[in-house]
Amino acid sequence: MTHDQAAARIARLRDEINEYRYKYHVLNESIMSEAAADSLKHELSKLEEAYPDLITADSPTQRVAGAVLERLTAVAHQVRMTSLNDVFDRDEVEAWIGRISKLLGHTPKEFYAEMKFDGLAATLIYENGVFSRGLTRGDGLVGEDVTAGLRTMDTIPLRLRHHSGVAPSVYRDRFEVRGEVIIYKADFEKLNQRQEELGKPLFANPRNTAAGSIRQLDPRLVADRHLRFIAYELATEVDGVTRHQDKHELAKSVGFVIDQHSRVVSGIDQIMDFIDEWQDKRHDLPFATDGIVINVNDDADFERLGIVGKAPRGAVAFKYPAEQTTTILKDIMISIGRTGAATPFAVLEPVKVAGTTVGLATLHNESEIARKDIRIGDTIILQKAGDIIPEIVEPIVKLRDGSEKVFVMPKDCPVCGHKLAKRDDEAVWRCVNFDCPALERGRIVHFASKGAYDIEGMGEQTVDALLDAGLITDAADVFSLTVDQLLTVDRFAQKSAENLYNSIQARKSITLDRYIYALGIRHVGQQTARDLAAFFGSLDHFRQAKPHELDAVDGIGPVVSASLTDWLSSDRHRNFLAKLDKAGVVPQARKRPTGPLKGQSFVITGALSMGSRDMVGERLEALGATIQENVTKATTFLVVGDDPGGSKLTKAEKLGTKQLDEEALSRLLKA
Ligand code: ZN
C-alpha cells in the first residue's frame, strides 16, 4: 500500500466510523453492528500505526467520549463513571493479572466474575433512602438526567428496602448505586411483534432498544418497554463493604436485582473456567451478554489500583469472540449441489469470527447478491452465530475505491462444463447433466447424511475419498464396500475401516421414511418422506404409487406429486432401487402409535450415549410415544442427556415435568 492509498483508505474509514458513532451514540440508530464497527476501528488504528504522520487529533482513534443529547438535562457525576478495558483471551487476562500484581506488590487472592450486561449503564442516587435522581453514563464525567423514565421501572426501588444488616448511613446519607438498564430477549421480541402489528419500524437489537427507550421524554413510553435495571456497583463508600461481592449483596439487600450467576474465583484457571462455562450457556440466559466482567474482589486493592484513562485498573471485561467482523471479498465462485443447483459462494480474505477462521461463506443465489449489492473486492460484514454457517450481512459501500467488480453468473457448470439452465418459475440456475460428478457426489453425501441413512464416519471428505479411489460410483455401491477395499484408501486404518463397514451394514435395516428421504427426490424433505411412509406403509406400495394416490397423501401438493411420479417412472431410478434390493437394504414401515408408550410425549435434550437424539426418538416412537421439540404442558417426560439445553430444563421445572436420565430411559426402552 502506498502512502497515498493509505491516506485515502484512512479518510474513508474515519468518515464511516464517525457516521456510525453519531448514529449509534447520539441517535440510537445502528448502521452496522458494534463488532463490525470495532473491526473498522481496528483496521484504522493499524493503518495509523503504520503511517503515524497521518494521525490527526480528530481521528476516531483519538476520541474517548460520547456526546450528551441536548434534549435531556446534562448533570455532572459526583463520582466519575468509568468504563472497562476489554480483554479477548487467556493471555490477555494473565497479562492483566501480572500488571496489577506488580503494582500491588502481591497477586490478588480473589476475583469476582460476573455477566457483562449489554445495555445502557446508569447510576441511581438515593437521598435519605429515597430515589432522587438517575443519570446515564454520558462521557463518564457528565451524564443525562433520565430520572422520570427510570422511576417507571419496577426493578428500581423508589425507596431502599430496609435490611437490618445494612449500615445506617445507606438510608441516611447520599447513596449511589450503579448498574445496567437492559431489556430481556423475550420482551424485545414481543416489543418488535407489536411494532410490526402497528406497522412501525422494528428495533435493531436489545441494547439499542434499552438505550433509546430510557431516553424517551415521555415516561409512559418507557414504562411500556419492560426495561429492567441490574445493579453491579456502588459509588458510595459503606462501612463493612470491603469486597466487590459485598457491594452486590448490599445492593440485593436494599432491593435491587443483581446478576445471580456471578461467582468468586481465584487464579487464572478458575477465571477461565468461568469464562468457558458461559461461552455457550450464555445464549440460554434471558438477557443478551457478550462477555464476563472480572473484578479484583478486595476493595482496598481495587482503589489502590486507581484509574488509567477512563477505565479502572482493577477490573476488565472479557469479550467473547466477535460474531461479526469485516473482511475483503476476494472472489465469488459456484458450487453444484445434488439437485444441480448452482450456488454462488464467497471466497474471503480469511478472518476469525466467533472463534473460528472463516475463508468461505454462502451467498445463496444470484438475486441475493444483487439485492445486497455485493461486489468482488468489497469490504463486507461477516456474521457467524453459534453453529450457523457464516453469512455476509452486507458490503460497506462507502469503502469502495472503484475497482470492485459486479458478479456475473457463469454460463457453464464448473464441474462438467454442461450449460447451466434456469426454469422460468425458479430463481436458481442448475446443471441439468444427470451424470455430472458434482450431482452424484451430492446424492451420495445426502444418502449418508443424518436425516437419511445416518452413516457414522461417512461425511463429505470420506465420500470424496471413496469416489477418488473408484470404490463407489453411486450411493447403492456403499453397501458392497468391504473392509479390505476401505483399507486401500489412505484415510482408513484397520479400526476405522471396520467401524465404517459395521455402521454401513447396520443401516441395511432402515425405516421407510428414511429410505424415501435418502433417495433425494426433489421437494421430498423429511416431513414429506414421513407422510409418504405413513400413507404407503411398505416399499412395494410406494414404488407403485399412482398419481391419484400421491394426490391423496396429506400435505402433498401437485408439485411434489409430479416430482415423485417423474422420479419413480425413470429407468435410471428403478435400476437404483433394484441395486439397493440386491445389496440387502430392507426398509421397515414406521410403526403405528399403538405400543406400550402410547399417549406419552417425550422431549429429549442433551447428548445420549445410546445414540443420536433422532435415533432414540425413533425407538420411542416405535413403542408408540410422541416426540416433541419443546417442553409443553402435554409433555410426559423430559429425557436429560449430557450438556442439556437450559431453557428446556427451566421449562420442565416450571411445569413440573418428570425428568428421565439415560439410565431410566434405557430401563423404559427395555421394559
Ligand atoms: Zn455439471
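Bear in mind that the values here come from a model prediction, so they are computed numbers and not experimental data.

What counts, and where the lines are drawn
Residues numbered from 1 in each chain as written. Predicted model: local features only at pLDDT ≥ 70, side-chain atom pairs only at ≥ 80, totals over all residues. Heavy atoms only, no water. Helix = DSSP H or I, 4+ residues; strand = E, 2+ residues; numbered from the N terminus. Buried < 20%, exposed > 50% of the residue type's maximum accessible area, 1.4 Å probe, protein only. Contact = heavy atoms within 4.5 Å. Patch = residues over 30% accessible without salt bridge, like charges linked within 9 Å, V, L, I, M, F, W, Y side chains within 5 Å. Areas by Shrake-Rupley, 256 points an atom, 1.4 Å probe, with all protein chains shown as cover. Salt bridge = Lys/Arg side-chain N within 4 Å of Asp/Glu carboxyl O. Lys, Arg positive; Asp, Glu negative; His and termini not counted. Charge placed at Lys NZ, Arg CZ, Asp CG, Glu CD. Polar contact = N/O pair within 3.5 Å; in protein donor to acceptor, adjacent residues only side chain to side chain. Donors = N, O, S within 2.8 Å, 3.2 Å for Na, K, Ca; no water. Tetrahedral: all angles 85-135°; square planar, octahedral: opposite > 155°, others 65-115°. Domains from an automatic or database assignment. Pairing = 2+ DSSP bridges. Axes fitted to C-alpha atoms, helices over the stretch in contact; angles between N-to-C directions. Parallel < 35°, antiparallel > 145°, perpendicular 65-115°, else oblique. Left-handed = near helix turned anticlockwise from the far one by under 90°. Phe/Tyr/Trp six-rings, centres within 6.5 Å; stacked < 30°, edge-to-face > 60°. Lys NZ or Arg CZ within 6 Å of the ring centre and 35° of its normal. Expected span 1.5 Å × (residues − 1).

Draft legend 1. Quick look at the overall build of the chain. Within the chain, the secondary structure is distributed over 25 helices and 29 strands. By principal-axis analysis of the C-alpha atoms, the chain measures approximately 85 × 70 × 55 Å. Within the chain, the proportion of its 671 residues that are buried is 46%. The long-range share in the chain, meaning contacts at least 24 apart out of those at least 6 apart in sequence, stands at 66%.

Draft legend 2. Expanded view of a negative patch on the surface. Taken together, Asp280, Asp284, Asp642 and Asp643 make up a surface patch of like negative charges. Counting through the fold element by element, Asp284 comes out in the loop between α10 (267-281) and β11 (289-296). With relative accessibility at 41%, the residue Asp284 sits in the partly exposed group.

Draft legend 3. Expanded view of the environment of Asp378. Mapped onto the secondary structure, Asp378 falls in the loop between β18 (375-376) and β19 (379-383). Classification of Asp378 by relative accessible area gives buried; the value is 0%. Beyond its immediate stretch of four places on either side in the chain, Asp378 contacts Thr327, Ile328, Leu329, Asp373, Pro395, Arg400 and Glu404. A polar contact is formed between the side chain of Asp378 and the backbone nitrogen of Arg375, at a distance of 2.7 Å.

Draft legend 4. Here's a closer look at the coordination of the zinc ion. Binding of the zinc ion to the protein goes through Cys413 (SG), Cys416 (SG), Cys431 (SG) and Cys436 (SG), at separations of 2.3 Å. Here the zinc ion binds four donor atoms, and the angle range of 100 to 115° at the metal identifies the geometry as tetrahedral. Counting gaps between the donor residues of the zinc ion yields the pattern C-x2-C-x14-C-x4-C. Here the residue Cys413 occupies a position in the loop between β21 (405-406) and β22 (420-422), and Cys431 occupies one in strand β23 (residues 429-431), the gap between them amounting to 18 residues. The exposure class assigned to Cys413 is buried, which follows from its relative accessible area of 3%.

Draft legend 5. Quick look at the pattern of salt bridges. All told, the structure shown has 32 salt bridges when counted by the stated rule. For Lys319, the salt bridge identified is with Asp86, shortest N-O distance 3.4 Å. In this pair, Lys319 is assigned in strand β14 (residues 315-319) and Asp86 in strand β2 (residues 85-87), connecting sequence segments 233 residues apart. Overall, Lys319 belongs to the buried group, its relative accessible area being 13%.

Draft legend 6. Main features of the domain arrangement of the chain. Along its sequence, the chain is organised into domain 1 (3-62), domain 2 (74-319), domain 3 (323-421), domain 4 (437-582) and domain 5 (601-670). Computed from C-alpha atoms alone, the centre-to-centre distance between domain 2 and domain 5 is 37 Å.

Draft legend 7. Representation of helix α7 (residues 206-214) in the model. With nine of its nine residues buried, α7 lies for the most part within the structure. Among the residues of α7, Pro206, Arg207, Asn208, Thr209, Ala210, Ala211, Gly212, Ser213 and Ile214 are the ones counted as buried.

Draft legend 8. Layout of the pairing of strand β5 (residues 130-136). Judged from the six bridges that link them, strand β4 (residues 120-127) and β5 form a sheet pairing that is antiparallel. Considered in β5, the bridge of Thr123 is made with Leu135. Counting the residues between successive antiparallel strands, the hairpin from β4 to β5 contains two residues, one of them, Asn128, with a positive phi of roughly 55°.

Draft legend 9. Here's a closer look at unusual backbone geometry. Phi is positive for His226, which is not a glycine, with a value near 55°. You can call His226 partly exposed: its relative accessible area is 49%. Its identity as a non-glycine residue notwithstanding, His523 has a phi of 70°, on the positive side. With respect to the secondary-structure elements, His523 resides in the loop between α17 (512-518) and α18 (526-536).

Draft legend 10. Local environment of the packing of helix α3 (residues 90-104) against α10. Two elements in contact, α3 and α10, have axes whose closest approach is 11 Å; the angle formed by their N-to-C orientations is 140°. With respect to their mutual orientation, α3 and α10 come out oblique. Between α3 and α10 lies a crossing of right-handed hand. Residue-level contacts link Arg90, Val93, Glu94 and Ile97 of α3 to Ile268, Asp269, Ile271 and Met272 of α10.

Draft legend 11. The arrangement of the packing of aromatic side chains in detail. Considering all chains together, one arrives at 15 aromatic pairs under this definition. Seen from their ring centres, Phe535 and Phe536 are 4.9 Å apart, and the 75° between their planes marks the pair as edge-to-face. Looking at Phe535, the relative accessible area reads 39%, which means it is partly exposed. Of the residues examined, Phe536 reaches a relative accessible area of 7% and is grouped as buried. Look at Phe536 and Phe542: their rings are 6.1 Å apart centre to centre, the planes differ by 70°, and that puts the pair in the edge-to-face class. For Phe542, a relative accessible area of 0% corresponds to the buried category. Taken together through their ring pairs, the aromatic side chains of Tyr126, Phe131, Phe229 and Phe256 make up a single cluster. Above the face of the Phe302 ring, Lys247 is positioned so that its terminal group lies 5.7 Å from the ring centre.

Draft legend 12. Looking closely at helix α13 (residues 437-448). Between its first and last C-alpha, α13 extends 17 Å over twelve residues, near the 16 Å set by a 1.5 Å rise per residue. With ten of twelve residues buried, α13 lies mostly within the body of the structure. Buried within α13 we find Ala438, Leu439, Glu440, Gly442, Arg443, Ile444, Val445, His446, Phe447 and Ala448. Each element contacted by the buried residues of α13 is listed here: β15 (324-336), β23, α14 (460-468), α17 and α22 (571-582).

Draft legend 13. Structural view of the pairing of strand β16 (residues 342-353). In the sheet, β15 pairs with β16 via seven bridges, with the strands oriented antiparallel. Within β16, the residue paired with Ile336 across the bridge is Ala342. As consecutive antiparallel partners, β15 and β16 are separated by five residues, and within that stretch Gly340 has a phi angle of approximately 90°, a positive value. Sheet analysis places β16 next to strand β17 (residues 356-362), joined by six bridges and oriented antiparallel.

Draft legend 14. Inspection of the sheet that holds strand β7 (residues 174-183) at higher detail. Pairing in this open sheet of five strands is mixed, and the strands run β5-β4-β7-β8-β9 from one edge to the other. Each having just a single partner strand, β5 and β9 (257-258) make up the two edges of the open sheet. Packing against the sheet, α7 makes contact with β4, β7 and β8 (227-234), and its axis sits at approximately 130° to β7. The sheet contacts of helix α9 (residues 244-253) involve β7, β8 and β9, and relative to β8 the element is tilted by about 140°.

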